[in-house]
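# Structure assessment
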Amino acid sequence: MKTADCLNHMAPYLFAQIDKKRNALKEQGIDVISLGIGDPDMPTPAHIVDAMKTALDKPENHQYPDYSGSLAYRSACAQWMKNRFGVDLDPKTEVLGLIGSKEGIAHLHTAFVNPGDWVLAPSIGYPVYSGGATLQSAETYFMPMRAEQGFLADFDNIPEEVLSRAKIMFLGYPNNPTGALATEEYFDKAIDFCIEHDILLAHDNAYSEICFDGYLAPSILERPRARECCIEFFSLSKAYNMTGWRIAFACGNAEAVAALGTVKNNLDSGQFNAIQDAAITALTAPQTCISEMCALYQRRRDLVVDALRAIGMECIAPKATIYIWTRVPEGETSESFATRLLEKAHVIVTPGSGYGPDGEGFIRISLTTPDDRLLEAVRRIKENM
Ligand SMILES: *Cc1c(COP(=O)(O)O)cnc(C)c1O
């Protein structure tokens with residue numbers, strides 16, 4: 001039996017190594033607190049769960065769903081984009097239902113990338129941007145991301161031989177893991193660049209709803225020329241505590257939406273209709289659950305930032321996302337510091353190097369841990385470092 005060559009080039013999955021160490025400590029009876037994974041700890045809001053219960057009882061929901069997502073779901077997505085960002089979308093041609101945005105992001109490569117092509121990915125980012133390229137036997141060019149430039153991926157110095165075969169540029173702001181925000185000028189510059197070089201700009205907006213201190217994240221589709229080259233991914237996972245439900249959508253440029261739809265027609269049969277119905281409720285009901293969630297994360301953010309400062313680590317309080325991104329102390333690497341936190345404080349954080357080349361020298365702390373455990377983790381960090 002011989003697996004495909006591209007599988008041999010896949011990087012080991014980021015969290016696998018950490019899980020191994022955690023399990024070893026747990027076997028010794030040690031209480032380990034994980035601030036590693038970005039999976040909301042709060043339940044899905046009750047009105048969404050109730051909508052699912054009602055939807056389950058409808059026999060028409062038990063059959064194959066529409067490939068692109070039900071028109072009702074796509075219409076709710078379009079209406080939500082209009083209410084939230086003022087962006088007008090045709091639900092029939094500019095919105096596509098997804099079984100989680102991870103699936104959509106991974107399959108976008110199948111729709112656009114040939115073997116030997118290049119994908120432009122941020123050098124600190126969600127691993128699927130480059131993983132999807134590897135699965136297509138394509139190459140990834142990592143756009144530098146530096147703290148001094150506000151972690152805005154730099155596409156100014158891409159070599160000509162890469163640029164001539166570049167098919168997709170991935171960006172995602174508010175950014176996982178750095179918490180960085182994009183400016184309107186940056187989005188416009190990226191859009192102009194992608195139009196000039198005939199590149200699809202894929203914007204991953206997984207964290208648009210998790211904002212603090214009065215900040216409200218934009219959609220890239222608000223920008224004037226975005227429709228010419230952009231597809232945007234929005235996920236209900238983080239916004240409505242629905243990671244396990246696997247529901248998201250892609251929207252924007254109709255040609256890109258159709259191409260992704262063609263790939264998906266051949267691979268899956270759409271998300272369960274009852275889940276789409278529950279998602280309609282999430283998108284159309286009053287959005288108070290979002291402001292409550294943001295207040296919770298903002299309080300946790302302040303706790304963690306305070307704890308890090310107490311042990312002498314300077315860090316910036318992010319205005320969005322569920323992560324604190326902070327530089328490791330002098331003389332440490334991402335790995336060595338994460339290992340020290342695990343072994344001394346029994347607290348798991350993610351080494352920044354796992355997100356790409358420019359992540360070295362940083363760690364990511366996730367705020368998706370119940371308050372009492374987060375306080376305990378913070379206490380341990382303060383006392384044991
Ligand atoms: C969580 C996350 C996703 C995946 O969301 P799903 O819709 O649950 O697949 C995509 N992009 C980023 C940056 C994320 O952090």
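Summarised in this report is the structure supplied together with it. No experiment lies behind these values; they were computed from the predicted model shown.

## Focus on unusual backbone geometry
A cis amide bond links tyrosine 173 with the next residue in sequence, proline 174, at an omega value of -5°. Along the chain, proline 174 falls in the loop between strand S5 (166–171) and helix H8 (184–196). That bond from asparagine 176 to proline 177 is cis: its omega, 15°, falls within 30 degrees of zero. Within the fold, proline 177 resides in the loop between S5 and H8. In the Ramachandran plot, arginine 246 falls in the positive-phi region, its phi being about 60° despite a non-glycine side chain.

## Considerations on the site of the ligand
All residues adjacent to the ligand are Gly100, Ser101, Lys102, Tyr126, Asn176, Asp204, Ala206, Tyr207, Ser235, Ser237, Lys238 and Arg246. With respect to the ligand, the side chain of asparagine 176 contributes an N or O atom lying 2.8 Å from an oxygen atom. Taking serine 237, its side chain carries an N or O atom lying 2.6 Å from an oxygen atom of the ligand. Notes on the ligand: free accessible area 380 Å², of which the protein chains cover 92%. At the level of secondary structure, the elements contributing two or more residues to the shell around the ligand comprise helix H5 (101–112) and helix H9 (236–239). Its residues assigned to classes, the shell around the ligand comprises three nonpolar, five polar and four charged.

## Let's talk about the sheet that holds strand S12 (residues 362–366)
Whenever strands of a sheet pair, they do so through backbone hydrogen bonds, lying parallel or antiparallel. Taken in spatial order, the three strands make up an open sheet running S9-S12-S11, and their pairing is antiparallel. The open sheet has two free edges, formed respectively by strand S9 (323–327) and strand S11 (350–351), since each of these has just one partner strand. The pairing of S9 with S12 spans five bridges and is antiparallel. Within the sheet, the bridge partner assigned to tyrosine 323 lies in S12 and is serine 366.

Cut-offs used in this document
Residues numbered from 1 in each chain as written. Predicted model: local features only at pLDDT ≥ 70, side-chain atom pairs only at ≥ 80, totals over all residues. Heavy atoms only, no water. Helix = DSSP H or I, 4+ residues; strand = E, 2+ residues; numbered from the N terminus. Near = heavy atom within 4 Å. Polar contact = N/O pair within 3.5 Å; in protein donor to acceptor, adjacent residues only side chain to side chain. Areas by Shrake-Rupley, 256 points an atom, 1.4 Å probe, with all protein chains shown as cover. Nonpolar A, V, L, I, M, F, W, Y, C, P; charged D, E, K, R; others polar. Pairing = 2+ DSSP bridges.

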